[in-house]
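Descriptive analysis of the structure
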Amino acid sequence: MLKRRGLGLTKAFLVLVGISALFGVAVGTRRGNGSLDQRSHLSLHRHRQRGGKEGQVLHRSKRGWVWNQFFVIEEYTGPDPVLVGRLHSDVDTGTGNIKYILSGEGAGTIFVIDDKTGNIHATKTLDREEQAQYTLTAQAVDRHTNKPLEPPSEFIVKVQDINDNPPEFLHGPYYARVPEMSNVYTSVIQVTATDADDPTYGNSARLVYSILQGQPYFSVESQTGIIRTALPNMDREARQEYNVVIQAKDMGGHMGGLSGTTEVKITLTDVNDNPPKFPLTVYQMSVSEDKVPGEEVGRLMAKDPDLGENGQVNYRFVDGDGMGVFELSTDSETKEAIIKLKKHVDYENKRLYTLKVEGSNPHIDPRFLAWGPYKDEATIKISVEDADEPPVFMAPSYTFEVEENAPAGTVVGRVHAKDTDVAVNPIRYMIPQYTDIERFFSINSEDGLITTAKPLDRETQAWHNISVSATEIGGHHQDTKVRVNIRVKDVNDNPPELANNNNEVFMCESASPGKSIQTISAVDKDEMGHRQHFTFSLAPEVAHNHNFSIKDNRDSTASVVVLRKGFSRLTQDIYHLPIEINDNGLPAMSSTNTLTIRVCSCDTKNTILSCNVEPYVLPAGLSTGALIAILACIVILLAIVVLFVALRRQKKEPLIVFEEEDIRENIITYDDEGGGEEDTEAFDIATLQNPDGANGFLPRKDMKPEFQYPMRPGSGRPAANSVDVDDFIKTRIAEADSDPTAPPYDSIQIYGYEGRGSLAGSLSSLESVTTESDLDYDYLQSWGPRFKKLADLYGAKDCYANDGDGGEDC
């Protein structure tokens, strides 16, 4: 076992590397590649720190060697491999019996070891940014037996950084915004650069920021990269965008350091630092007197270089004699002030208006109040231009009254219009035909007097709405129209009449004397006066009748009263009662109206049951000849029906019905397969063969024999010595006809006989079940799936009883 001398360490190897780089002193002897051979028995007690006060000695506590670290400088490009260090064991006496072995990261590829001397070399250029350190394991073994002489020891090879990476701005280019007029040193944005070099070793990653472009407007803090404003009162309206270039340099900014740059685009944002301003102090506008309210007169606009709400301008009238004649609004797109006509202007009355308009910012920044006021004023002078105007009526509309039935030429009223122009041209009046199609009225073209052209009827048309046109004689012949409403006054010229629902009254036969059977009312096409009402009375010709009377209720209604009893529909079902109605107008108008009273049949509760007299009398509309003709037709139709039924029953039906519809109507379906012909004993088969069987007309009926007949001779296979087929068939027919158990009609009889002299023998398959077939049906297997069941049936050999073993052989 090997031991460390001096420090009491139990490691077996001496680390030979430039430890002086760690402590700042050189210990040992200088090697050819600049590394130090550091012996384990050497120890470091203290050293003098540079950079302290002159003459002052700083003491440091004693510490041991860091033995398990090697250092190699990255990016080495020399011609020979770099000596990283040397491994040495205390048991190595220099005889060459010890072999050094290296394993771990990069062993054999990046790092190689001389197995005799223990020298470790780096065969490739190392990059700290790719891998900062490598972990290796070393061991000393016997060269001849490969037996370990020491336990494995692990150590680290660190790649020492050099300044080979420039700073980089990973997030550039940058975009920043700062308000205009900001104070000096206002923070704008912070830029950050990164350096891939080791920040813990030297100054390779120590960055310093500086500004290359953008002075004197902006500055940058050298250590933090914060960009700040450098000039006061930067105006967006003068310049809005700035391109600033920032540099980051490593090595603390000293000469020889690497650098990188980025671009920062800085935009000044708007603030409200400019008041609105009208380009002119006085604006001249004009408007024609024929313009209507709502039309545009002119526009003006106050300039404000600010943006958005900072440049918004509100307009209002602050003074002037036209504030009630004109109105002000703002165009949402162009931001202009629009002056519109609010009322009509008249050149003859006033020819010039003066207005003072103000434009102001609604949003003011309090920081710039001292730069105000943020408003401006301008004067607007609007002149009224003369126009040839149409005549003007003295009233916007006219309303007149005239009595109905007045003779033609009756005066209705007068309209008047005048020319408002300076020339004062004469006026001509007329009624447009489309407003008075039937020519009820006429007008004097010079003075506007309206008269009737024909009598008017209020009940036909109570109001007449016409137009009157006034046109200048001379000038541009402009015209204007006015509405004239003429009301036709009522005259009592229409007599009253019974209301529509009072023309007919229904009365029960059992009505008692003094009973009111109906209340009647009247209508009048004329207007009813305040004290005017209707009075009712019987006509003079029926004033003394004994059936009904009229009672005036003095409220424009009257009651029909029964005077007697014993009314009967058989005697008289309808009564006509003339009634005289008076309207008490001026002049008074009256009329006679007939009230129809029907006598009806009612129940005990006086509910009307019937008002018709037809059930009590024979119909008189048909003659005797017509009745005889109708009865003759009925008798003939009945005779035809009886004859048809008789012929139907006498018609002989065939034994078997071949019509498809008869067969369908008599099909009986069973779900069981049954036992053959014996199943026919369960029902009457004749019903299926002849529909008449259902009606009881069966010429023959099946009868079940009471005893079992012996098997008929010849019913089996015919004898071989039969004389002739004809005789054979005739014999069988005679047997079937005489057999009471045979079917009632013709039926198929099957016999396994083909006649005499047939070389082929019998074609019947009835006997094939008892004999083994010699035919080969295997060919049916190749005929497809449709013949598969047939092939399975005939292709397989029949099973036969085995000889006495109780089973079957197939």
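Check the entry above for the structure.
Each chain carries its own residue numbering, running from 1 in the written order of its sequence. Per-residue local features are limited, in this predicted model, to residues with pLDDT of at least 70; the limit for side-chain atom pairs, both in listing and counting, is 80 or more; totals at the level of whole chains, interfaces and linings are taken over all residues. Computation of side-chain values: all heavy atoms of the structure, hydrogens and water removed.

To qualify as a helix, a DSSP run of H or I must reach at least 4 residues; to qualify as a strand, a run of E must reach at least 2; elements of each kind are numbered from the N terminus. A count of helices and strands for the protein chain gives 6 helices and 43 strands. Looking at the protein chain as a whole, 33% of its 810 residues qualify as buried. Across the protein chain, contacts joining residues at least 24 apart in sequence account for 65% of those joining residues at least 6 apart. Note that accessible areas follow from Shrake-Rupley with a 1.4 Å probe, and for residues the cover is restricted to the protein chains shown. For the protein chain, the exposed surface amounts to about 51,200 Å²; the carbon and sulfur share of it is 52%. Burial classification: accessible surface area is computed with a 1.4 Å probe over protein chains only, and a residue below 20% of its type maximum counts as buried, one above 50% as exposed, and the rest as partly exposed. Note on contacts: a residue pair is in contact if any heavy atoms of the two residues lie within 4.5 Å.

This next bit is on the packing of aromatic side chains. Working definition: a ring pair exists when centres of Phe, Tyr or Trp rings (six-membered ring for Trp) sit within 6.5 Å. Plane angles under 30 degrees give stacked, over 60 give edge-to-face, the rest tilted. Summed over the entire model, instances satisfying the criterion amount to 14 aromatic pairs. With centroids separated by 5.3 Å and ring planes inclined at 75°, the aromatic side chains of Phe111 and Tyr134 adopt a geometry described as edge-to-face. Residue Phe111 is found in strand E6 (residues 111-113), and its partner Tyr134 is found in strand E8 (residues 133-142); the two are separated by 23 residues along the sequence. Like Phe111, the residue Tyr134 is buried in the burial classification. Between Phe567 and Tyr575, the aromatic rings sit 5.5 Å apart at their centres with planes inclined by 90°, giving edge-to-face as the arrangement. Judged by its relative accessible area of 4%, Phe567 falls in the buried class. In this structure Tyr575 comes out as buried when scored by relative accessible area, which is 9%.

With that out of the way, let us pick up helix H5 (residues 725-738). Residue count minus one, scaled by 1.5 Å, sets the expected span of a helix. A rise of 1.5 Å per residue sets the reference length of H5, with its 14 residues, at 20 Å; its end C-alpha atoms lie 20 Å apart and thus fit the reference within 8%. Here H5 has its buried residues at Phe728, Arg732 and Glu735. Down the axis of H5, the sector holding all buried residues measures 60°, keeping them to one side. Residues of H5 that are exposed and point over 90 degrees away from its buried face: Lys730, Asp737 and Ser738. Note that the arc is defined by the directions from the helix axis to the C-beta atoms.

Here we take up the environment of Gly474. Among the structural elements, Gly474 can be located in the loop between strand E31 (463-472) and strand E32 (479-489). Placed 49 residues apart in sequence, Gly474 and Asn425 show a C-alpha to C-alpha distance of 6.7 Å.

Each salt bridge in this description consists of a side-chain nitrogen of Lys or Arg and a carboxyl oxygen of Asp or Glu lying within 4 Å of one another. Evaluation of the coordinates by the stated rule reveals 21 salt bridges. With a closest N to O distance of 3.0 Å, Arg236 and Asp270 form a salt bridge. Here Arg236, found in the loop between strand E14 (226-229) and strand E15 (241-249), pairs with Asp270, found in the loop between strand E16 (259-269) and strand E17 (282-288); they are 34 residues apart in sequence, far enough to count as distant. Arg236 gets classed as buried once you look at its relative accessible area, which sits at 9%. Among the residues examined, Asp270 registers a relative accessible area of 16% and is labelled buried. Of the charged contacts, one joins Arg458 and Asp490 as a salt bridge, the two residues approaching to 2.8 Å between their closest N and O atoms. Taken together, the residues span a long stretch of sequence, with Arg458 in the loop between strand E30 (449-452) and E31 and Asp490 in the loop between E32 and strand E33 (497-498) at a distance of 32 residues. Judged by its relative accessible area of 12%, Arg458 falls in the buried class. Each of Glu296, Arg299, Asp331 and Glu336 takes part in a single network of salt bridges with overlapping partners.

By the secondary structure assignment, Ser559 is in strand E38 (residues 557-562). Beyond its immediate stretch of four places on either side in the chain, Ser559 contacts Ser516, Gln518, Thr519, Ser549, Ile550, Lys551 and Asn553. Whenever two N or O atoms come within 3.5 Å, that pair is a polar contact, provided that in protein one can donate a hydrogen and the other can accept it, and provided that, for residues adjacent in sequence, both atoms are side-chain atoms. At a separation of 3.3 Å, a polar atom in the side chain of Ser559 contacts the side chain of Asn553.

In this scheme, strands are said to pair when DSSP sees at least two bridges between them. Spatially, E33-E35-E38-E37 is the arrangement adopted by the 4 strands of the open sheet, whose pairing is antiparallel. Single-partner strands in this sheet number two, and they are E33 and strand E37 (548-552).

This brings us to the nonpolar core. If you look at the biggest cluster of nonpolar residues, it comprises 25 residues, and the most contacted ones within it are Met507, Phe536, Phe548, Val560, Leu577 and Ile597. Mapped by element, the contributors of at least two residues to this core are strand E34 (504-508), strand E35 (516-523), strand E36 (535-538), E37, E38, strand E39 (574-582) and strand E40 (590-602). If you tally residues by element for this core, the top one is E39, at 4 residues. The contacts of Phe536, once residues within four sequence positions are left out, are Ile520, Ser521, Ala522, Ile550, Asp552, Ser556, Thr557, Ala558, Ile579, Glu580 and Ile581. Working definition of a nonpolar core: buried Ala, Val, Leu, Ile, Met, Phe, Trp, Tyr and Cys residues. They are joined through side-chain atoms within 4.5 Å.

Moving on to the side chain of Ser591. Inspection of the secondary structure puts Ser591 in strand E40. At 2.2 Å, the side chain of Ser591 and the backbone oxygen of Pro496 are in polar contact. Within the structure, Ser591 has its side chain in polar contact with the side chain of Asn593 (distance 3.2 Å).

Another point: the side chain of Asn492. Along the chain, Asn492 turns up in the loop between E32 and E33. The exposure class of Asn492 is buried, given its relative accessible area of 9%. Separated by 3.1 Å, the side chains of Asn492 and Asp583 make a polar contact. Of note is the side chain of Asn492, whose polar atom sits 2.7 Å from the backbone oxygen of Pro587. Not counting chain neighbours up to four residues away, the residues in contact with Asn492 comprise Asp524, Asp526, Gln532, Asp583, Gly585, Leu586, Pro587, Ala588 and Met589.

Strand order in the open sheet made by the 3 strands is E11-E14-E13, with antiparallel pairing throughout. Looking along the sheet, the strands with just one partner apiece sit at the ends: strand E11 (187-190) and strand E13 (218-220). Across the sheet, the mean angle separating the axes of adjacent strands is 25° when strand polarity is ignored. Pairing of E11 with E14, which is carried by 3 bridges, proceeds in the antiparallel orientation. Bridge assignment links Ser187 to a residue of E14, and that residue is Arg228. Helix axes use the C-alpha atoms of the stretch in contact, all axes being lines fitted to C-alpha atoms, and the angles between their N-to-C directions lie in the range 0 to 180 degrees.

Before going further, it helps to spend a moment on helix H2 (residues 624-650). Its 27 residues place the ends of H2 40 Å apart at the C-alpha level, agreeing with the 39 Å of an ideal helix rising 1.5 Å per residue. Counting buried residues along H2, only 0 of its 27 residues qualify, which leaves the element largely exposed.

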